[in-house]
Amino acid sequence: MARIFAIVTILFICSCRDKTSDEGDALFSQGKYEEAIQAYDEYLKLYPTNVKSVYNRGRAYEELGEYKKAVDDFKKVVDIDPKNIQGYLSIGKDYYRKDDYPQAAFYFDKAVKIDETHAESFFLKARANHKSGKTDEAMADYSNAINLNKNLGEAYLYRGALKSYLKKNSSACRDFRMAKSLEVEEADKALQQYCR
């Protein structure tokens, strides 16, 4: 009898764990961010180091514009899992949003060092370096992002803008055309402005 009770208890705990976590995810996907946060809070009382739930709660805070709470969760994510790329990218995006491009690049670079095949990390680092005026680093990072993902249209667009700034017009226009072929909205405007 005690053995059956133990098995039932374990099954109940496991089903609650999945249900609460899944409930938070479902609420998040419906745009019910406050309710999602409550569901994640309940789940995290039992499993405080569950990276996915901490990260998703941070995303919910971010959607509500509660950036401090969001970043606190993203920092918890990288404390729990120092190799969590999304945690570093999310922290970097917060610095980028605040126009602190050197700090943004610092966190994007942490993601690059974890996985040198992650195109988005290179692209975001390129954007931060570009905004900081570090043209050589930005150019290298845009090119790395493109080499890793030939369909990353925005990387072509912004590399083209950087090339245009550096007076490399024919090469810039090639990048703008590539961005247009990948259906990046701003590419048409860039072509009209720089490539007549």
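Our subject is the structure listed above.
Sequence order as written defines the numbering, with residues in each chain counted from 1. In keeping with the model being predicted, local features are shown solely for residues with a pLDDT of at least 70 and side-chain atom pairs are shown and tallied solely at 80 or more, while totals for entire chains, interfaces and linings include all residues. For the side-chain quantities, the full set of heavy atoms in the structure was used; hydrogens and water were omitted.

Q: It is not clear to me how the overall build of the chain should be interpreted in this structure. Could you clarify?
A: Elements are defined by DSSP. Helices are runs of H or I of four residues or more, strands are runs of E of two residues or more, and each kind is numbered from the N terminus. Regarding its fold elements, the chain presents eleven helices and zero strands. Secondary structure of the chain in N-to-C order comes out as α-α-α-α-α-α-α-α-α-α-α. For the chain, the residues scored as buried account for 41% of the 196 residues in total. Two residues qualify as a contact provided that any one of their heavy atoms is within 4.5 Å of a heavy atom in the partner residue. Considering only intrachain contacts with a sequence separation of at least 6, the fraction spanning at least 24 residues in the chain is 39%. Think of it in three bands: with a 1.4 Å probe and only protein chains considered, a residue is buried below 20% of the maximum accessible area for its type, exposed above 50%, and partly exposed in between.

Q: Looking at this model, I keep getting lost on the state of the cysteines. Mind explaining?
A: Each disulfide consists of a covalent bond between the sulfur atoms of two cysteine residues. For this text, the term disulfide refers to a pair of cysteine sulfurs within 2.5 Å. On inspection of all chains with the given rule, the structure shows one disulfide. A sulfur-sulfur separation of 1.9 Å characterises the disulfide bridge that pairs Cys173 with Cys195. Linking Cys173 and Cys195, the disulfide has an S-S dihedral of approximately -100° and is accordingly described as left-handed. Linking Cys173 in helix H10 (residues 169-181) with Cys195 in the segment after helix H11 (186-194), this pair joins segments that are 22 residues apart in sequence. The exposure class assigned to Cys173 is buried, which follows from its relative accessible area of 8%.

Q: Which parts of the structure should I look at to understand the packing of aromatic side chains?
A: To describe a pair of aromatic rings, you give the distance between the ring centres and the angle between the ring planes. Working definition: rings of Phe, Tyr and Trp (its six-membered ring) pair if their centres are within 6.5 Å, and the pair is stacked with planes under 30 degrees apart, edge-to-face with planes over 60 apart, and tilted otherwise. Throughout the structure, instances matching the rule amount to ten aromatic pairs. Through successive ring pairs, a cluster of aromatic residues spans Tyr88, Tyr95, Phe106 and Tyr107. Over the ring of Tyr95 we find Lys98, and its NZ or CZ is 5.0 Å from the ring centre. Positioned over the ring face of Tyr158 is Arg127, at 3.7 Å from the centre of the ring. The criterion is that NZ of a Lys, or CZ of an Arg, lies within 6 Å of the ring centre and within 35 degrees of the ring normal, and then a charge sits over that ring.

Q: Just to check I follow, could you spell out the layout of surface pockets for this structure?
A: Where empty space is left can be seen by rolling a probe of water-molecule size over the atoms. Here the largest pocket is characterised by a volume of approximately 180 Å³. Considering the residues around the largest pocket, the lining is formed by Leu157, Ala161, Ser164, Tyr165, Phe176, Glu186, Lys189, Ala190, Gln193 and Tyr194. At the level of elements, helix H9 (153-165) and H11 are the ones that each hand at least two residues to the lining of the largest pocket. A total of five residues in the lining of the largest pocket trace back to one element, the largest contributor, which is H11. Of the residues contributing to the lining of the largest pocket, the split by class is six nonpolar, two polar and two charged. Lining residues are those with an atom within 4 Å of a point, where the points come from a 1 Å grid over the protein atoms alone and group into cavities, where a 1.4 Å probe fits but cannot get out, or pockets, open sets with protein on both sides within 12 Å along at least five of seven lines. Grid points are joined across faces, edges and corners, and a volume is the space filled by probe spheres set on the points. Under the grouping applied here, Gly and all other residues not named as nonpolar or charged are polar, the nonpolar ones being Ala, Val, Leu, Ile, Met, Phe, Trp, Tyr, Cys and Pro and the charged ones Asp, Glu, Lys and Arg.

Q: Help me understand helix H7 (residues 119-132), please; the structure alone is not making it clear to me.
A: When the terminal C-alpha atoms of H7 are compared, their 20 Å separation across 14 residues agrees well with the 20 Å that a helix rising 1.5 Å per residue should span. Those residues of H7 that sit buried are Ala119, Ser121, Phe122, Phe123, Leu124, Lys125, Ala126, Arg127, Ala128 and Asn129. Of the surrounding secondary structure, the elements contacted by the buried residues of H7 are helix H5 (85-97), helix H6 (101-114), helix H8 (135-148) and H9. Phi turns positive, to about 85°, at Gly133, one or two residues after H7. Here, expected helix span is obtained from the residue count minus one, scaled by 1.5 Å.

Q: What am I meant to see in the packing of H10 against H11 here?
A: Helices that pack against each other are described as a pair by the angle of their axes relative to one another and the distance between those axes. Axes here refer to lines fitted to C-alpha atoms; in helices the fit is confined to the stretch in contact. Angles between the N-to-C directions go from 0 to 180 degrees. Where H10 meets H11, the axes come as close as 8 Å, and the angle between the chain directions of the two elements is 150°. Put simply, H10 runs roughly antiparallel to H11. H10 and H11 meet at a crossing whose hand is left-handed. Where H10 abuts H11, its residues Cys173, Phe176, Arg177, Ala179 and Lys180 lie against Ala187, Asp188, Ala190, Leu191 and Tyr194. When the residues that make up the contact of H10 with H11 are grouped by side-chain class, the tally is seven nonpolar, no polar and three charged. What sets the label is the angle itself: under 35 degrees gives roughly parallel, over 145 gives roughly antiparallel, 65 to 115 gives roughly perpendicular, and the rest give oblique. Handedness of a helix crossing follows the sense of rotation of the near helix relative to the far helix, less than a right angle counterclockwise being left-handed and clockwise being right-handed.

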